[in-house]
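# Architecture at a glance
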Amino acid sequence: MSKKRTSLCLLIILFTVMLCNTGSAGVTPEILLGARGISSLNLDYSPGGDSETVSDISDTSLLVGFRQKLYNRYRGALVIGFQFPDEGSDLEPILFHQVFLRVEDRTNIFRIGRTRVRSAMIEFPTLRDDDAIYFTDILNPFSSGEDAEDNQYGSIMEATRIFGQRYQLSAYGEHLKEETENISKDFGFNALGLSFQYRVPESQRWNREILNQIGISLNTALTSRPGYSGELDKALKSITFSTVLNIRPDPVHFWDLRHQSIFNLGFSEVKNLSDYSDITRARSISTFTSLRYLYRKLERPALQAALSYGYKAFPDLSNNSSQHQVIANSFYRIGENFDVGLQLRYQKNSGDLKTIIGEHETEVQFAFIYSIEQLWNSQFDDRESLLNLEHGYIP
Amino acid sequence: MNRRDFLITGAALSAATLLPGSLFAETTKRKNLKRFPRQLKPEIEGNVKVFRLFVDIHQQELAPGLKTHTLAFNNQVPGPEIRVNRGDRVKVYFKNRTELNHTIHWHGMHVPWRMDGVPYITQMPVMPGQEFVYEFTAEPYGTHFYHCHWGTLLHMQAGMFGSLIVEEPDDPIKKLFPYEREYTLLYSAHDLNFLRNEINAMLERMKERLYLVKNGRFDKERFAVFDSKEELEEAVRNGYQPPYVVNRRAPADLAQPFWFTVNGKSYPSTPTLYIREGESIRVRLINSGTEEHYLHLHGHDFWLVCDDGIPVPQPWQMNTMRLSPGKTLDIIIEGKNRGIWTFHDHDTRRVTNNGLYPGGNLMALVYEDLPEEERRVMPMEGMNNLIPKVALDE
Ligand SMILES: [Cu+2]
């Protein structure tokens, strides 16, 4: 069955389920439908020649979730989702980026399946999630570099423990997509990690605390490394720090600042960048910082403007190489859930990077973005609702 | 008890209608007293009876295994019963301990209009942390109730209702039907999903609004509060989108109750009415919910004696009465047919818990002097001493 047909079937199943939610004595699940459509006109200016894309629909996605209470304090959930990968990617026309199950209670979350890997700790206000992938994510060292999705989606098995509502400790093992992957390959763990973070639940954002999030994570990719045999010596290690500060947590004129730094400890023998694999393995520091202004009218977002800057340096290389990126964007809400956006992106690469990914690139994008989330058969409360957080948790 | 066990219990009840009997035990009867509103003791200040009410977010168990968050007066659903004599000077201190707005409306009472509890019409809402003092003379006689009048659809079914009984030393009903015991029953209906989702949303909104209000940044369009209808119309002409239009709000369904309570509890936690042969009891019925109830008592014709608290000119007999939202009815049941009799909504959709029969507002009239030998349903070997907790005839 082709992937397109599979997704069509998925939709039919979904709507059948929605229509038949009465009748049997079984437990009816909660059904969540999430959809996000992004379509943009892209104008690219680079030394290699200008280009334009009439409609770039990448990152458009559909998510379906089912959730119910289990026989004890736990809840179980299934999430299935697909998205349209970037133009020109060598992936299938539809990528099932989310297929996972989750079991959780008040303080524990277990997830297993295909979903967003733990390559970044926070999200940034860019038009698409991979607009600054060189700066915002730990790059997948097993990838060919062809598809940004290789860095974002993979198989993951994860356990999270929550302390005092706001502290989260997660341990995870991942299978990141491998370049040479084919039918008979090994799909075992090829990355392991730990993360610890403090974060204020979304429902408490109007408590107006300055510190919204701060976290650290340690990721290791179980790479092979010529000349080394110890598992720890062979592994590619990265340390990530992140923070989100509500610098002006005002309900009308809201300002926040997001920052993330990734220290890729790298392999000292990588002195030159000759291909993508070297970029992922060279010692590097990547930082990405966004300043965001959000104007909220009638208690809803109305206008957002953000300025972001990314910098990546490779200190060990014989030929000094670095990357800079500036993204300026603005989104204006023309209706509930519906935005128009304009984004300017400029990236400059120096040293060895010039030959691999080009010297610089300027991109202008004009986009429509429509994102919805609809829940049917609501039956129980979320862990992080105000009732559950501030008035006693009801399992 | 987890949810699965609960469902099995429910199925067993409807199939066999048998439960180990303890209806006649003294402890059961004592516990049953707690299933009626507790009376609030007044402080006496000169010739004024002073009552203190507060509202807070509380958790209530509607039936074994099912808890929900409620807005509760004095941590009780229903709120405590206020009982005064006709003509008493009454003062009620109402303290808002939640982060939401509230008022109290005195339903059926002839209070001065500034005490009527309708926000923006008779008073400003009682905002978080604030206290408001209601003062009135207890008029008229009869069964009345009080409830929150802010976000009424939500706040009432969230638990903000309580009985208010105005007595007369020479009670006209007691003269006609001498009785010793009386019971107050407050009916309500709850869409728990609506409650949970709306309270959460309101709590979030209020955190945001309170900050703006404290900083003097009240914004009419943002808060959807205007000084006049003309002002709203003017705002709409200038492009303001009121919250009810479809491009501002998803077509949210109206609340669809699927839990039905008597005194804040659903069957099998509903209260029991105890009676003795030859005794008359008075039952005060208050519909503080949004649903109409057709209450039917098995094996008896009762006397309808008061309607909206007012004694009817001529009591008349019936066995099914319509209790509309906002209405209070007083009935006298005469103990003339001993046994265990169910008393329930004859629209049996409301005799369900979460869609599962039996449940909801199902309750029983129990003759506590029922002879031992009559308590057995089926004198089967090894099953003696089993009595129906509730007889289900449907
Ligand atoms: Cu209220």
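Above this note sits the structure.
Description of the structure in this document. Predicted, not measured: the structure shown is a model, and the values here were computed from it.

Thresholds, definitions, all that
- Residues numbered from 1 in each chain as written.
- Chains lettered and ligands numbered in written order.
- Predicted model: local features only at pLDDT ≥ 70, side-chain atom pairs only at ≥ 80, totals over all residues.
- Heavy atoms only, no water.
- Donors = N, O, S within 2.8 Å, 3.2 Å for Na, K, Ca; no water.
- Helix = DSSP H or I, 4+ residues; strand = E, 2+ residues; numbered from the N terminus.
- Buried < 20%, exposed > 50% of the residue type's maximum accessible area, 1.4 Å probe, protein only.
- Core = buried A, V, L, I, M, F, W, Y, C linked by side-chain atoms within 4.5 Å.
- Pairing = 2+ DSSP bridges.
- Axes fitted to C-alpha atoms, helices over the stretch in contact; angles between N-to-C directions.
- Phe/Tyr/Trp six-rings, centres within 6.5 Å; stacked < 30°, edge-to-face > 60°.
- Salt bridge = Lys/Arg side-chain N within 4 Å of Asp/Glu carboxyl O.
- Contact = heavy atoms within 4.5 Å.
- Buried area = accessible area lost by both parts, 1.4 Å probe.
- Polar contact = N/O pair within 3.5 Å; in protein donor to acceptor, adjacent residues only side chain to side chain.
- Patch = residues over 30% accessible without salt bridge, like charges linked within 9 Å, V, L, I, M, F, W, Y side chains within 5 Å.
- Areas by Shrake-Rupley, 256 points an atom, 1.4 Å probe, with all protein chains shown as cover.
- Lys, Arg positive; Asp, Glu negative; His and termini not counted.
- Charge placed at Lys NZ, Arg CZ, Asp CG, Glu CD.

Before going further, it helps to spend a moment on the coordination of the copper ion. Six octahedrally arranged donors around a metal ideally form angles of 90 or 180 degrees; four tetrahedrally arranged donors ideally form angles of 109.5 degrees. Residues and elements named next belong to chain B. Around the copper ion, the protein contributes the donor atoms His102 (ND1), Cys148 (SG) and His155 (ND1), at 2.0 to 2.1 Å from the metal centre. For the copper ion, all donor residues lie on one chain, and their spacing in sequence is H-x45-C-x6-H. Of this pair, His102 sits in the loop between strand 6 (89-96) and strand 7 (105-107) while Cys148 is found in the loop between strand 9 (142-147) and helix 3 (152-157), placing the two residues 46 residues apart along the sequence. In terms of burial, His102 and Cys148 fall into one category: buried.

A word on the nonpolar core. Counting 45 residues, the largest nonpolar core has Leu53(B), Ile82(B), Phe94(B) and Trp106(B) as the members making the most contacts within it. Those elements that provide at least two residues to this core are helix 7 (386-390) of chain A together with strand 3 (48-63), strand 4 (66-73), strand 5 (79-85), strand 6, strand 8 (131-137), strand 10 (161-167) and helix 5 (192-214) of chain B. Element by element, the count of residues in this core is highest for helix 5 of chain B, at 8 residues. By size, the runner-up hydrophobic cluster in this structure holds 31 residues, among which are Tyr187(B), Tyr274(B), Phe302(B) and Phe343(B).

In this section: the sheet that holds strand 10 of chain B. Residues and elements named next belong to chain B. With respect to topology, 4 strands assemble into an open sheet ordered 5-10-9-7, the strand pairing being mixed. Two strands close off the open sheet at either side, each with one partner strand: strand 5 and strand 7. Between one strand axis and the next, the sheet turns by 25° as a mean value, whatever way the strands run. Where strand 5 and strand 10 come together, 5 bridges link them in parallel fashion. What sits directly across from Ile82, in strand 10, is Leu164.

A word on the packing of aromatic side chains. All names here are of chain B. Scanning all chains against the criterion turns up 23 aromatic pairs over all chains. Here Phe73 and Tyr146 contribute two aromatic rings whose centre-to-centre distance is 5.2 Å and whose plane-to-plane angle is 70°, an arrangement assigned as edge-to-face. In this pair, Phe73 is assigned in strand 4 and Tyr146 in strand 9, connecting sequence segments 73 residues apart. Residue classification places Phe73 among the buried positions, given a relative accessible area of 0%. Overall, Tyr146 belongs to the buried group, its relative accessible area being 0%.

Here the focus is the pattern of salt bridges. On inspection of all chains with the given rule, the structure shows 61 salt bridges over all chains. Ionic pairing is found between Glu202(A) and Arg205(A), a salt bridge with its closest N-O pair at 3.8 Å. What makes Glu202(A) exposed here is its relative accessible area of 54%. For the salt bridge of Arg209(B) with Glu299(A), the shortest nitrogen-to-oxygen distance reads 2.6 Å.

Next up on the list: the pairing of strand 18 (residues 320-323) of chain B. On a regular strand, one side chain projects to one face of the sheet and the next to the other, so that they alternate. All names here are of chain B. Judged by which residues are buried, strand 18 turns out to be one-sided: Met321 and Leu323 face inward and are buried, whereas Thr320 and Arg322, on the alternate face, are not. In this sheet, strand 18 lies alongside strand 15 (residues 293-297) in antiparallel orientation, the contact comprising 4 bridges. When the sheet's bridge partners are listed, Tyr294 is paired in strand 18 with Arg322.

This next bit is on the interface of chain A and chain B. Taken together, the contact between chain A and chain B spans 28 residues of the former and 28 residues of the latter. Among the residues chain A hides against chain B, the three largest losses belong to Leu298(A), Glu299(A) and Leu387(A). Together they make up 25% of the total. The interface formed by chain A and chain B includes 5 salt bridges. For Arg205(A), the salt bridge is made with Glu204(B), and the minimal N-O distance between the two is 3.0 Å. On inspection of chain A and its partner chain B, the count reaches 23 residue pairs in polar contact (both at pLDDT 80 or more).

The next subject is the sheet that holds strand 18 of chain B. Residues and elements named next belong to chain B. Taken in spatial order, the 5 strands line up as 13-21-20-15-18 in an open sheet, and their pairing is mixed. The open sheet has two edge strands, strand 13 (272-275) and strand 18, and neither has a second partner. With strand direction ignored, the average angle separating the axes of adjacent strands in the sheet is 20°.

To continue, consider a negative patch on the surface. Residue and element names in this part refer to chain A. Negative charge collects at one region of the surface, where Asp90, Glu146, Glu179 and Asp275 lie side by side. Relative to the assigned elements, Glu179 resides in the loop between strand 8 (167-175) and strand 9 (191-199). Accessibility expressed as a relative area gives 54% for Glu179, which makes it exposed.

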